[in-house]
Amino acid sequence: MKILAISGSLRAASINSALLRTIVRLAPDEIELFQGLGELPLFNPDRESNIPATVNDFRRLVAAADAILIASPEYAHGVTGSIKNALDWLVSYEPFAYKAVAVLNASSRAQHADAALREILKTMAANVVESASVTIPLLGAGLDENGMVQTLSIVEAIRKMLSSLHEAVAVQRPSQSPSFPVPTQCLPTS
């Protein structure tokens, strides 16, 4: 299975981005972290007839993915402008419709953005996989990626989320099973 991970934050020290990088470390052959969010031009429907190259590249990654992971912070009780802009470029993009999507929340206080993001995705006909859409409370935990990889509760939450996402994709495409198992490496030793 191929998963595209998207952080809604452009901040270098973002805990959402760190969470996604940790997930990539736990499943490196399965997950690709999208790095071009800040390079996507502002969505303009007039450009739909001449799609910018950065948007085409983004859309190709989305089309090639079996599932999408989105981790985005909350700004003023809403989603970030950068994640909304990226999703706007996918509104009329047919390969995104019915795509399995997991929404990750790195703060239990970010309930407004979490709900708003789910509503946006459902309106766009994404298959929001509720069993894979989880809150992993990292805000204030003081953990970097190495700390996350060494924290059993975080690793287990990630493994359960990936397992649920695998199951959802397998149900969507019953003739195809996941190409490799849910990762078990990188479990903490203590």
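Above this note sits the structure.
Residues numbered from 1 in each chain as written. Predicted model: local features only at pLDDT ≥ 70, side-chain atom pairs only at ≥ 80, totals over all residues. Heavy atoms only, no water.

J.: What's the story with the pattern of salt bridges in this structure? I'm lost.
T.: For side chains of opposite charge, pairing can occur when their charged atoms come near one another. Applying the stated criterion to the full structure yields eight salt bridges. Put simply, Lys84 and Asp88 hold a salt bridge, and the shortest N to O gap is 2.5 Å. Taken as a pair, Lys84 and Asp88 lie in helix 3 (residues 81-88) at a separation of four residues, close to a single helical turn. Notably, a salt bridge pairs Glu130 with Arg118, separated by 2.2 Å at the nearest N-O pair. Here Glu130, found in the loop between strand 5 (127-128) and helix 5 (145-149), pairs with Arg118, found in helix 4 (residues 111-123); they are 12 residues apart in sequence, far enough to count as distant. Judged by relative accessible area, Glu130 falls into the partly exposed class, the value being 39%. Overall, the relative accessible area of 16% leaves Arg118 in the buried class. (Salt bridge = Lys/Arg side-chain N within 4 Å of Asp/Glu carboxyl O. Helix = DSSP H or I, 4+ residues; strand = E, 2+ residues; numbered from the N terminus. Buried < 20%, exposed > 50% of the residue type's maximum accessible area, 1.4 Å probe, protein only.)

J.: I tried to follow the packing of helix 1 (residues 15-26) against helix 6 (residues 152-172) on my own but got confused; where do I start?
T.: When two helices pack together, their arrangement is captured by the angle between the axes and the distance separating the axes. Closest axis-to-axis distance for the helix 1/helix 6 pair is 11 Å, and the angle between their directions is 75°. With respect to helix 6, the element helix 1 is oriented roughly perpendicular. Contacts between helix 1 and helix 6 involve Leu19, Thr22, Ile23 and Leu26 on the former and, on the latter, Val155, Ile158, Met161 and Leu162. Residues belonging to the contact of helix 1 with helix 6 are distributed by class as follows: seven nonpolar, one polar and no charged. (Axes fitted to C-alpha atoms, helices over the stretch in contact; angles between N-to-C directions. Parallel < 35°, antiparallel > 145°, perpendicular 65-115°, else oblique. Contact = heavy atoms within 4.5 Å. Nonpolar A, V, L, I, M, F, W, Y, C, P; charged D, E, K, R; others polar.)

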